[in-house]
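Residue-level structure breakdown
Spelled out, the chains give:
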Amino acid sequence: MTTTLSISQLITDAIASLPEKVRYKCDRAKIDKWLERYGCTCDAELLLAALNREDSRAALKMHAPPILMAKLLVWLSPKVVGGDGNELPPGFELLLHEPLPEDTLAHAGMRQSTRVVTFPFATPSQGQRRLRPPKLIRGAPPARADLDLMCPLYSCERALYPAAFLDKIGLCTVFFCEQLSYDGQRRRDVPDLDGGTLFIDVSDRAVRRSRHAWHHELWHMADFQLRGPAFEQPDAEWEAHNPDSFTYGFGGQFMRTPGTADPPSAPSEHFINAYATSSIAEDKAEVWAALL
Ligand SMILES: [Zn+2]
């Protein structure tokens, strides 16, 4: 933590970094009074202490939205939030979320394990927090109409699995968002296998593709539980069913051309589609999704 940090500039930067729709909730004059009252106008450590205290937090909440406090906490104590002794990477934006709106159609299990993203975020996956430069998962809050349309669909697909299966594959949280990307590449789903989380871009309203993708990603999670990080490694039992001398490609991230997931793209009867030839993990996930 820097001791030469200008608290005033820090507050200015933090407010400027907020999404427009909540920025107006910051009453700068009252925030300055709050700083004076808690004696932290020029000391970052005192500011951090005040942000961590119940009474002073409650006082600040009257003049600033919770996201401002969350930002200041991250900026002042990156090691605390990183959770593993690593500083958070540049470009990091907190993943803030809330429960599904009450009038969204969803089964109880879906409701319990699903969160809706409330602000644009950029976060490394659990397994890659140590990676430098990190590969960031980015996204933004979903439009309500997309959420209302797609949530019941995912809820029905989720209901096909017994709770014990979902427990066993380690699915903890589903995040609904939009503008989803991974390491700069646009994605409709991103599973964070170590974290047991699945990010879904609900702006893709294509029914068949969305249902298929749900099961595809769940298989990746099951595969990860079965084989650990080795799930991309050769598997003789599986590959015995491939054509002679066939070799997989370099992974799904290198096969993003539209149409490669359509059945006519399959190079032979051994595969569901071209995408299934990109890697053994994608092959298994495609077969699983098609079975479901
Ligand atoms: Zn996949």
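Residue numbers run consecutively from 1 along every chain, following the written order of its sequence. pLDDT decides what is reported in this predicted model: residues at 70 or higher carry local features, side-chain atom pairs at 80 or more are listed and counted, and totals for whole chains, interfaces and linings draw on all residues regardless. Side-chain metrics rest on all non-hydrogen atoms present in the structure, leaving aside hydrogens and water.

**Structural notes on the coordination of the zinc ion**
So the rule is basically this: Only nitrogen, oxygen and sulfur atoms within 2.8 Å of the metal, or 3.2 Å for Na, K and Ca, are treated as donors, and water is left out, so sites may look incomplete. To qualify as a helix, a DSSP run of H or I must reach at least 4 residues; to qualify as a strand, a run of E must reach at least 2; elements of each kind are numbered from the N terminus. Only protein chains enter the accessibility calculation, which uses a 1.4 Å probe. A residue is then buried if its area is under 20% of the maximum for its type, exposed if over 50%, and partly exposed in between.
Donor atoms from the polypeptide that bind the zinc ion are H216 (NE2), H220 (NE2) and E282 (OE), placed at 2.0 to 2.1 Å. For the zinc ion, the single-chain donor residues occur in sequence as H-x3-H-x61-E. Of this pair, H216 sits in helix α11 (residues 207-227) while E282 sits in helix α13 (residues 280-291), and the two are 66 residues apart along the sequence. Taken individually, H216 and E282 each receive the classification buried, so the pair is uniform in this respect.

**Structural notes on the nonpolar core**
Applied cut-off: Put simply, a nonpolar core is a bunch of buried Ala, Val, Leu, Ile, Met, Phe, Trp, Tyr and Cys residues held in one set by side-chain atoms that sit within 4.5 Å of each other. Working rule for contacts: check all heavy atoms of both residues, and any pair within 4.5 Å makes them a contact.
Counting residues in hydrophobic clusters, the biggest one holds 28 residues, and the most contacted among them are I31, W34, L47, L51 and L68. Broken down by secondary-structure element, the contributors of at least two residues to this core are α1 (7-16), α3 (28-37), α4 (44-51), α5 (54-61) and α6 (66-76). In contact with L47, other than residues within four places in its own chain, are I7, L10, W34, L35, C40 and L76. Core analysis: the second largest hydrophobic core is formed by 27 residues, L153, L166, I169 and F224 among them.

**Some thoughts on the domain arrangement of the protein chain**
As a reminder of what qualifies: Domains are outlined according to an automatic or database domain assignment. Two parts placed together each lose some accessible area; with a 1.4 Å probe, that loss summed over both constitutes the buried area. When a carboxyl oxygen of Asp or Glu lies within 4 Å of a side-chain nitrogen of Lys or Arg, that pair is called a salt bridge. N or O atoms closer than or at 3.5 Å make up a polar contact, with two conditions inside protein: a donor-capable atom paired with an acceptor-capable one, and, for residues adjacent in sequence, both atoms drawn from side chains.
Segmentation of the protein chain into domains returns domain 1 (1-76), domain 2 (82-229) and domain 3 (234-292). Contacts between the two partners involve 7 residues from domain 1, matched on the other side by 8 residues from domain 2. Between domain 1 and domain 2 the total buried area reaches about 550 Å² when both faces are included, carbon and sulfur atoms providing 81% of it. For the pair domain 1 and domain 2, the interface holds 0 salt bridges. Linking domain 1 with domain 2 are 0 residue pairs in polar contact (both at pLDDT 80 or more). Taken together, the elements giving at least two residues each to the side of domain 1 that touches domain 2 come down to α2 (20-23) and α6.

**Focus: a nonpolar patch on the surface**
Defined as follows: Patch building starts from residues that exceed 30% relative accessible area and form no salt bridge, then joins like charges within 9 Å and nonpolar side chains (Val, Leu, Ile, Met, Phe, Trp, Tyr) within 5 Å. Computed with the Shrake-Rupley method and a 1.4 Å probe, the accessible areas treat only the protein chains shown as cover for residues.
A cluster of nonpolar side chains, contributed by L160, L291 and L292, occupies part of the molecular surface with about 310 Å² of accessible area. On the secondary structure map, L292 appears in the segment after α13.

**Looking at the packing of aromatic side chains**
Selection criterion: Two rings from Phe, Tyr or Trp (for Trp, the six-membered ring) form a pair when their centres sit within 6.5 Å of each other. Planes less than 30 degrees apart are called stacked, planes more than 60 degrees apart edge-to-face, and all others tilted.
Under the defined criterion, the tally for this structure stands at 12 aromatic pairs. Residues F224 and F231 carry aromatic rings whose centres are separated by 6.1 Å and whose planes lie at 90° to one another, so their mutual orientation is edge-to-face. Relative accessible area serves as the criterion here: at 11%, F231 is assigned to the buried category. Here the aromatic rings of F246 and Y248 are separated by 4.9 Å at their centres, their planes lie at 85°, and the arrangement is edge-to-face. Taken together, the ring pairs connect Y161, F165, W219 and W288 into an aromatic cluster.

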